[in-house]
Amino acid sequence: AADIYNGGSSNPGWHMHILVGDTIYFDANVGSSVGTELWAYDTSNHSTWQVADILSGGASSDPGWYMEILVGDTIYFDADDGGSGVELWAHDTSNHSTWQVADIYSGSSNSYVGNQMEILVGDTLYFSAKTLNGYELWAHDTSNHSTWQVADINSGVLSSNPGQYMQIFVGDTIYFDADDGSTSVELWAYDTSNHSIWQVVDIYSGGAASSPGVHMDMLVGDTIYFSADSGLTAGGRELWAHDTSNHSTWQVADINSGGGSSNPGWYMEMLVGGTIYFSASDGSTGAELWAYQPSEIAPLSSGSGSVPNNGPVTN
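The following refers to the structure shown. Please read all numbers here as calculations on a predicted model, not as lab measurements. (Residues numbered from 1 in each chain as written. Predicted model: local features only at pLDDT ≥ 70, side-chain atom pairs only at ≥ 80, totals over all residues. Heavy atoms only, no water.)

**Side note on the overall build of the protein chain**
Broken down by element type, the protein chain carries zero helices and 24 strands. Across its three principal axes, the protein chain shows a C-alpha extent of roughly 60 × 50 × 30 Å. Considering the protein chain as a whole, with its 315 residues, one finds that 51% of them fall into the buried category. For the protein chain, contacts bridging at least 24 residues in sequence account for 36% of all contacts bridging at least 6. As displayed, the protein chain has an accessible area near 13,500 Å², and 48% of this comes from carbon and sulfur atoms. (Helix = DSSP H or I, 4+ residues; strand = E, 2+ residues; numbered from the N terminus. Buried < 20%, exposed > 50% of the residue type's maximum accessible area, 1.4 Å probe, protein only. Contact = heavy atoms within 4.5 Å. Areas by Shrake-Rupley, 256 points an atom, 1.4 Å probe, with all protein chains shown as cover.)

Written out as structure tokens, the structure reads:
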């Protein structure tokens, strides 16, 4: 469709690519004269153009390295203009304007917006960003153009690293992992309607991390299913669940019984009908294909009560 870097490799879409109407917006490299910037290709008339040279000269702004979200006609993404570091930018596809939305980490330091999480709720973007308070949860309201820190979960200069493993929106609430500095990485929630934030549960009690969602996270109805580590003596990393309607949290199954970890979802996770299919290891047969329904959990084999097959499914 286009030879953007004549004689070289433009690597189109390496960091970002998003379709708006008939037009694809993506990052592309044009070499030492321009670097990696934001480009566009109109699929209806086959025209290609550079949308903006955010970091003028031969250096790269690397748009969309960490985040890209479309809100209406506007794409929100991270970019580096060379002066204020990696910050939040926007491009309005209707009037072709491009601007820096906010310099969250003031000065030349990088906020790395969206490095760990990004999610759109209504008109508001929720994302991780770095300041002197470390990586915390931030928000930008695209309707009134305000930007603010939602919470300093790990107070002080240390980071809570919100959403590095999981982020799921249910009703008005975002569920995500975060580290408060005392209970380590556990499941947290933020209610976007009343702006309350709380730790949902401390699965690995004490100062150790359960790291919820590190291998899998999935919403089925009102219930979030995710991997979590409850400790060597309590079951290791297994399949857990949290019912957002009644706020209960439980271990679904101890597949690798004892202190071993089954590491559910390490390789795959998929919802088919009402059944979750995922990889897991029971400690004796290695990592195989398993299935979970509300009343059962078993390896995917004949007589298991899940989908009949002629023995365990392997690759």
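**Some words on a nonpolar patch on the surface**
Taken together, the side chains of Trp266, Tyr267, Met268, Met270 and Val272 define a hydrophobic patch exposed on the protein surface, amounting to about 560 Å² of accessible area. On the secondary structure map, Val272 appears in strand β21 (residues 269-272). For Val272, a relative accessible area of 44% translates into the label partly exposed. (Patch = residues over 30% accessible without salt bridge, like charges linked within 9 Å, V, L, I, M, F, W, Y side chains within 5 Å. Salt bridge = Lys/Arg side-chain N within 4 Å of Asp/Glu carboxyl O.)

**Here's the deal with the environment of Ser111**
With respect to the helices, strands and loops of the structure, Ser111 is situated in the loop between β8 (97-102) and β9 (118-121). Residues Ser111 and Ala1, spaced 110 residues apart in sequence, show a C-alpha to C-alpha distance of 35 Å. The contact partners of Ser111, leaving out residues within four places of it in the chain, are Val86, Glu87, Ile104, Tyr105, Ala129, Lys130 and Tyr135.

**A few points about the sheet that holds strand β13 (residues 167-170)**
Pairing is antiparallel in the open sheet, where four strands are placed in the order β13-β14-β15-β16. Of all strands in the sheet, those with a lone pairing partner are β13 and β16 (196-201), marking the two edges. When the angles between neighbouring strand axes are averaged without regard to direction, this sheet yields 30°. Where strand β15 (residues 185-191) and β16 come together, five bridges link them in antiparallel fashion. (Pairing = 2+ DSSP bridges. Axes fitted to C-alpha atoms, helices over the stretch in contact; angles between N-to-C directions.)

**Comments concerning the sheet that holds strand β18 (residues 223-229)**
Spatial strand order, β17-β18-β19-β20: four strands in an open sheet with antiparallel pairing. Of all strands in the sheet, those bounded by a partner on one side alone are β17 (217-220) and β20 (248-253). Going across the sheet, the axis of each strand differs from the next one's by a mean of 30°, ignoring polarity. Pairing between β18 and strand β19 (residues 237-243): seven bridges, direction antiparallel. Its bridge partner being in β19, Thr223 is matched across the sheet by Asp243.

**Considerations on the pairing of strand β4 (residues 47-52)**
Bridge count between strand β3 (residues 36-42) and β4: five bridges; the pairing is antiparallel. Across the sheet, residue Ala40 finds its bridge partner in β4, namely Trp49. What sits between β3 and β4 in their antiparallel hairpin is a turn of four residues, with His46 showing a positive phi close to 65°.

**Considerations on the packing of aromatic side chains**
Going through the model one piece at a time under the given rule, you end up with six aromatic pairs. Each ring, one from Trp65 and one from Tyr66, has its centre 6.3 Å from the other, and the planes form 45°; the classification is tilted. Note on Tyr66: relative accessible area 25%, which makes it partly exposed. Residues Trp266 and Tyr267 carry aromatic rings whose centres are separated by 6.3 Å and whose planes lie at 40° to one another, so their mutual orientation is tilted. By relative accessible area, which is 65% here, Tyr267 ends up exposed. (Phe/Tyr/Trp six-rings, centres within 6.5 Å; stacked < 30°, edge-to-face > 60°.)

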